[in-house]
Amino acid sequence: MWQSLPELGTGIVYAILIAAAYTFAVALAAGRGRPRLLQAARLGAYTTSALVLFAVLLLTYAFVSHDFRIRYVAHYSDRRMSTAYLLTSLWGGQDGSLLWWSLLLSGYVTACVAWLKGRYRELQPYVIATLMVIVGFFAMLMLFAANPFETSIAGARPDGEGLNPLLQNYWMIIHPPCLYMGFVGCSVPFAFCVSALVTRRLDNEWVVAVRKWMLFAFLFLSIGNILGMMWAYEELGWGGFWAWDPVENAACLPWFTASAYVHSTMIQERRPMLRVWNVFLICLTFFLTIFGTFLTRAGIITSVHAFAQSSIGTYFVYFMGVILGTSLGLMVWRLPELKSKGQIEAVASREAMFVANNWALLGGMTFILVSTMYPKISELWGESATVGPPHFNRWMGPIGLIIFALMGMAPLFGWRKTSEASIKKAFRAPLIAMLAMAVLHAIFGGYFGYPPLVARDAFYPGLVGTLIQKTGSALPGITIALAAFNVAVIVQEFVRGVKARRTVADKRGEAESIGLALFRLIEKNRRRYGGYIVHLGIVSMFVGFTGTAWNIDRETAMVPGDHYRIGEYDLTYEGSRRCPGNSKCSPEEQADIEKMMIFADLKVVRAGKALGYVHPAKFIYQAQPDGPTTEVSMMRSLREDLYTVVGQIDPQSKRATFQFHVNPLVSWIWVGLLILMTGTITSLFPELSFGEVGAWSYVRAGAGVAAGTAFAVWIAMAPSMAFAHERPANSHVGTQMTGLSEATLQRRLPGTGLGLAGFAGLALGSVVSVARRRRDNAKSSRD
Amino acid sequence: MTDSPRMRVPRWAPPLLTLTVAIVVGNLYGVQLVVLTLAAGALLLVIWLLWNSVQALAGESELTFEEAFSLGARSAEEEQKRAVLRALKDLEYERSVGKIGEDDFHEYSARYRAEAKRLMQTLDENLAEGRQQVERELERRLARAGAKSAEALEASDEAEANTARLAPLEAGAELEEPGINAGHSPAPGGLQCSACQAKNEPDARFCKACGTPLLATVEGSP
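J.: Describe in detail the overall build of chain B, supporting the description with residues and values.
T.: Within chain B, the regular secondary structure consists of 7 helices and 2 strands. Burial statistics for chain B: of 222 residues in total, 21% are counted as buried. Of the contacts formed within chain B by residues at least 6 apart in sequence, a portion of 36% connects residues at least 24 apart.

Listed below in structure tokens is the structure:
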């Protein structure tokens, strides 16, 4: 329709850059003694966001009108695609996903600027300026390295290449935007942090402002990461959910620092301490989001997720340099004002627990970061090392346990100082629960197929190796016992709170029922009890992760009529069928013209009871006849999943090769996500001050929360709606991983050094921080 | 922004109009025109926002009440006061669930109360100048409006008395927010309210439950 649409699009990207620059300048002026300009800056920020929206709509128009002059459109769509997938193509490739990223960032900018109205008057200009620098960076990236509106040199083609069928599935619609929401959300806390440092308003006000934004980002980082696990589990077909792929690792790094921050900020809200630490955590979280994007985009590390290599990496390196320089420079500049004025008064206090927990989270993050980057780092001295999943699994188990144990213990301590008597009282019930669970597990675990001790091979020679081997084999038992401890702690917290409420209510003469007391308890202390609910979600996830210790994995070849027994399941192979064409195919399968599907039908019987059928399959897409995809078929329950994959099917004899897995407790991870979301939303529920109480403000808050919850639940329900597609079997992660024997991996591993580095960092950090606190304590008591 | 006297278009009207047009056009001519209509709406929004921004930059737009109000930002003391009050709230909560012993509770409670009192006094001192300024301005305006200066003085006196009366009450209200701190065992040397029998801190001037002046009660009682 429009001859000049590509040029208009490029022009709009220029306009975004100019608008961001204009807003940046006006915001700076407003911050430097001309407060009346603030309104102009605010409107400038809105303008920039509206321009990004306009650019996205233009690209959408190019997609729906099949404007194949534009290279990006020609590369990622064709005329047969439905409108829904045309919209998915917006973030299916490098250039478009940068524009999409900018759109999400603009959403945050708009929400933040609107929310700031009338608040944080002195911080506002610099918040806006910082956000504009980030928007400007993405505009520059698009202009100079990845312009989504760039035209093909060869001119328009009659039809596009189409979106890779592997990307045409529900996960591609929902997984990246969720993770981006989490990533982009970390920009707002960073903007506040820079602003507080510049304006010297380093008191508590900005900390309070930032916490909710960080919590929101944390929520979406959690959802995005767990959705990634679901995708890997249901789509990749190797039987697991987390392969320690560099991009997966990059996505979970900010989660660790964000979790650390939402804890340590609570200390700063009450006491003037840990300021440098909090500032550091915010800057680090933001840096890690950009670093994660860089890993995905620049293709410096081989990964299943990596986009094609391009010059874009250089720009990210510059930007990361700017972030590092700015953050460190500002921190050093304001160091005298950031110095702690308070101190941890006792080791047996919640503050001390939070600090320890922070170090554990940071230790875990450092370990994953160093291990992920190790192949690249080792190139510096000419070695070519690969770091595989066994390495991560071996070390992350113990590190995770430390975090898990600290998570359970922290709520038992009060702020400032906890007396010996109250510690004893608080620990009694959880410890009894933990011991009881350990004993029960030892007695009955083996009977149900979940023994507390699982034999492990010794990976390293010497004492450290033996130690790791022993810890590794005891890990399932310890985790389950700690899970019981954690649940008992949370239940105890709720019981104590409800009891206290009811006692007070009784004294007042207005008796409260247990349900009402519980509701009011949570309502009055949403942050605290929302946090406990999040902990419950994490416990559920840990239980799910532990399940992998009891996995049963088998491979076999069968002809129709054969039986196979795995765990408690009896599988009978009844034959294969090709759809469309076979009379047993469903009407939907018969009507599919995009692909040919070959199903293997297996009858499942468990303990003499017929449970139905599973149908693992191979799909052959017309667009990709050489790469048949593998379709997983599962039978799920809270106890365990039966996970079946078909390898090859001989069309004549119908002889087929299968992979069967029994994965215990995996469903608890997804349940954990739902609990975590409930808890985070409880914490996030807007607090209404008496100043704005009115029916309307409740309606607004209620509507906001309802919409947020609905959205989050919708995202979480996505797997049940997924209509699957697959990666070709010859390229999926599982094959690559199982293709390497443990022995080969062992040889290539950089030895114990890397794992020890993580632990050493963790231990050193804890010792240094405790020593410092001690010194401060001693000093303050002398004073 | 949209509240200018010439065109009083409700803020929700343009987006709603764009959406309606997009839906109608979409039903008639397909998805392409939906996107195009939305894009047109976005472009209009860009122009309108930019126009307003430049106007604000040139100083031609008036300062709205909210903006003027927000110019007086909260001071650091105000934030510190909130943090201290929050810490007190937590302390009371922790005592109610038995996480902190009585001795520790009293020690910390006294420390935080002293800090809160100091901060409130600082805040009052900071505000004194502003308050006088407001009162003078009020008198001047009332006098200009034809009211008698004596009446104006009376009004301002009353206003001052009100604020003085309200300040401690507000602080008390905030402390009671957790809802589970009322009805504690009395602090050593605490005061009992004669009106409602509630226990109060030894330095309290008003009852935290009903607001009755406490010092008067103590002094007045035989």
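Next comes the rest of the write-up.
J.: Any details on the overall build of chain A? Residues and values, ideally.
T.: Looking only at helices and strands, chain A features 25 helices and 10 strands. Looking at the 783 residues of chain A, the share that counts as buried comes to 51%. Sequence-distant contacts in chain A: of pairs separated by 6 or more residues, those separated by 24 or more amount to 76%.

J.: Describe in detail the packing of helix H5 (residues 94–116) of chain A against helix H6 (residues 124–144) of chain A, supporting the description with residues and values.
T.: Residues and elements named next belong to chain A. As a packed pair, H5 and H6 sit with axes 10 Å apart at the nearest point and diverge in direction by 170°. In this view, H5 runs roughly antiparallel relative to H6, as classed from their interaxial angle. Listed contacts from H6 to Leu98, Leu99, Trp101, Ser102, Leu105, Ser106, Val109, Cys112, Val113 and Leu116 of H5 are Gln124, Val127, Ile128, Leu131, Ile134, Val135, Phe138, Leu141 and Met142. Here the residues of the contact of H5 with H6 are counted per class, giving 16 nonpolar, 3 polar and no charged.

J.: Could you give an account of the confidence of the model for chain B, naming the residues involved and the relevant values?
T.: Residue and element names in this part refer to chain B. When pLDDT is averaged across chain B, the result is 71; 65% of the residues are at 70 or more. Within chain B, helix H6 (residues 149–175) has the poorest average pLDDT of any element, 47, and helix H2 (residues 31–57) the best, 90. Note on residues 163–187: pLDDT under 50 across the span, and 38 contacts to partners over four residues away in sequence or across chains. For the stretch residues 216–222, pLDDT sits under 50, and the model shows 4 contacts to residues farther than four places along the chain or on other chains. Interface predicted TM-score (ipTM) for the complex: 0.74; the corresponding pTM is 0.80.

J.: Explain the confidence of the model for chain A to me, and be specific about the residues and the numbers.
T.: All names here are of chain A. Per-residue pLDDT for chain A averages 81, and the proportion of residues at 70 or more is 84%. Per-residue pLDDT stays below 50 along residues 688–694; that stretch engages in 4 contacts with residues further than four places along the chain or on separate chains. In this model, residues 712–760 is a region of pLDDT below 50 whose contacts with residues beyond four sequence positions or in other chains number 91 contacts.

J.: I'd like a description of the interface of chain A and chain B, backed by residues and values.
T.: With 48 residues of chain A in contact, the opposing surface of chain B contributes 47 residues. Only helix H2 (38–64), helix H10 (246–270), helix H16 (420–448) and helix H17 (462–508) of chain A provide two or more residues apiece to the side of chain A that touches chain B. Among the elements that line the side of chain A that touches chain B, the one with the most residues is H2(A), at 15 residues. When its residues are assigned to classes, the side of chain A that touches chain B shows 19 nonpolar, 13 polar and 16 charged.

J.: Break down the environment of Thr130(A) for me, citing the residues and quoting the values.
T.: All names here are of chain A. Structurally, Thr130 is set in helix H6. Judged by local crowding, Thr130 falls into the buried class, with 23 C-beta atoms found within 10 Å. Sequence spacing of Thr130 and Val188 is 58 residues, and the spatial spacing of their C-alpha atoms is 8.9 Å. Excluding anything up to four places from it in sequence, Thr130 contacts Phe190, Ala191, Val194 and Ser195.

J.: Any chance you could break down the sheet that holds strand E9 (residues 640–649) of chain A for me, citing the residues and the numbers?
T.: Each strand in a sheet pairs with its neighbour through backbone hydrogen bonds, running either in the same direction (parallel) or in the opposite one (antiparallel). Residue and element names in this part refer to chain A. An order of E1-E10-E9-E8 is seen for the 4 strands of this open sheet, with the pairing classed as antiparallel. The outermost strands of the open sheet, each flanked by one partner alone, are strand E1 (552–558) and strand E8 (633–635). Ignoring strand direction, the axes of neighbouring strands in this sheet form an average angle of 20°.

J.: Lay out the nonpolar core with the relevant residues and their values.
T.: Residue and element names in this part refer to chain A. In this structure, Ile16, Phe54, Ala55, Leu57, Phe138, Phe192 and Ala484 are the most contacted members of the largest nonpolar core, which totals 230 residues. The biggest single contributor to this core is helix H9 (residues 205–236), with 22 residues. Not counting residues within four places of it along the chain, the set of residues in contact with Ile16 comprises Thr48, Leu51, Val52, Ala55 and Ala139. Counting residues in hydrophobic clusters, the runner-up holds 23 residues, among them Tyr573, Val645, Val646 and Val662.

J.: Go over helix H14 (residues 350–378) of chain A, please, and point to the residues and values.
T.: Helical periodicity: at 3.6 residues per turn, an α-helix aligns residues three or four positions apart in one direction. All names here are of chain A. Relative to the 42 Å expected for 29 residues at 1.5 Å per residue, H14 spans 40 Å between its end C-alpha atoms, a close match to the ideal helical length. Where H14 bends most, at Thr372, the angle is about 40°, and the proline Pro375 comes one to four residues later. Extensive coverage of H14 is indicated by the burial of 22 of its 29 residues.

J.: Lay out the packing of helix H1 (residues 5–31) of chain A against H2(A) in plain terms, naming residues and giving numbers.
T.: To describe two helices that pack against each other, one gives the angle between their axes and the distance between the axes. Residue and element names in this part refer to chain A. Orientation of H1 relative to H2, taken along the N-to-C sense of each, is 165°, at an axis distance of 8 Å. Our classification of the angle between H1 and H2 gives roughly antiparallel. As H1 runs across H2, the sense of the crossing is left-handed. Of the residues in the contact of H1 with H2, the class split is 23 nonpolar, 5 polar and no charged.

J.: Tell me about unusual backbone geometry, and name the residues and values.
T.: Residue and element names in this part refer to chain A. In the segment running from Cys579 into Pro580, the intervening peptide bond is cis, with an omega of -5°. For Leu665, which is not glycine, the phi torsion reads 65° and is therefore positive. Here Leu665 is to be found in the loop between strand E10 (656–664) and helix H21 (667–684).

J.: Mind laying out the pairing of strand E5 (residues 609–614) of chain A, listing which residues take part and the relevant values?
T.: Residues and elements named next belong to chain A. Bridge count for strand E4 (residues 595–606) against E5 is 5 bridges, and the pairing is antiparallel. When the bridges of E5 are listed, Leu602 appears paired with Val614. The antiparallel hairpin formed by E4 and E5 contains 2 residues in its connecting segment, where Ala607 sits at a positive phi of about 50°.

J.: Can you lay out the environment of Gln590(A) for me, pointing to particular residues and giving the numbers?
T.: Residue and element names in this part refer to chain A. Along the chain, the position of Gln590 falls in helix H20 (residues 587–591). Taking the C-alpha atoms as reference points, Gln590 and Arg578, separated by 12 residues in sequence, lie 9.8 Å from one another. Once you skip the residues sitting within four places of it in the chain, Gln590 turns out to touch Cys579, Pro580 and Cys585.

J.: I'd like a rundown of the pairing of E9(A), residues and numbers included.
T.: Residue and element names in this part refer to chain A. For E9, the buried fraction is high: 8 of the 10 residues fall into the buried class. The sheet contact formed by E8 and E9 spans 3 bridges and is antiparallel. In the strand pairing of E9, Ser633 is matched with Thr644. Linking E8 to E9, which pair antiparallel, is a turn of 4 residues. In this structure, E9 lies alongside E10, joined through 8 bridges in antiparallel fashion. Across the sheet, the residue bridging to Thr644 is Phe660, located in E10. Between E9 and E10, which pair antiparallel one after the other, the connecting turn spans 6 residues, and Lys654 there sits at a positive phi close to 65°.

J.: So what about the environment of Arg416(A)? Which residues, and what values?
T.: Counting through the fold element by element, Arg416(A) comes out in the loop between helix H15 (389–409) and H16. Expressed as a C-alpha distance, the spacing of Arg416(A) and Arg350(A), which sit 66 residues apart in the sequence, is 6.8 Å. If sequence neighbours within four positions are ignored, Arg416(A) has contacts with Glu345(A), Ser349(A) and Tyr108(B).

The rules behind these values
Residues numbered from 1 in each chain as written. Chains lettered and ligands numbered in written order. Predicted model: local features only at pLDDT ≥ 70, side-chain atom pairs only at ≥ 80, totals over all residues. Helix = DSSP H or I, 4+ residues; strand = E, 2+ residues; numbered from the N terminus. Buried ≥ 20, exposed ≤ 12 C-beta atoms within 10 Å, placed from the backbone. Contact = placed C-beta atoms within 7 Å. Axes fitted to C-alpha atoms, helices over the stretch in contact; angles between N-to-C directions. Parallel < 35°, antiparallel > 145°, perpendicular 65-115°, else oblique. Nonpolar A, V, L, I, M, F, W, Y, C, P; charged D, E, K, R; others polar. pLDDT = per-residue confidence, 0-100. Pairing = 2+ DSSP bridges. Core = buried A, V, L, I, M, F, W, Y, C linked by C-beta atoms within 7 Å. Expected span 1.5 Å × (residues − 1). Bend = angle between axes of the 7 residues up to and from the residue. Left-handed = near helix turned anticlockwise from the far one by under 90°.

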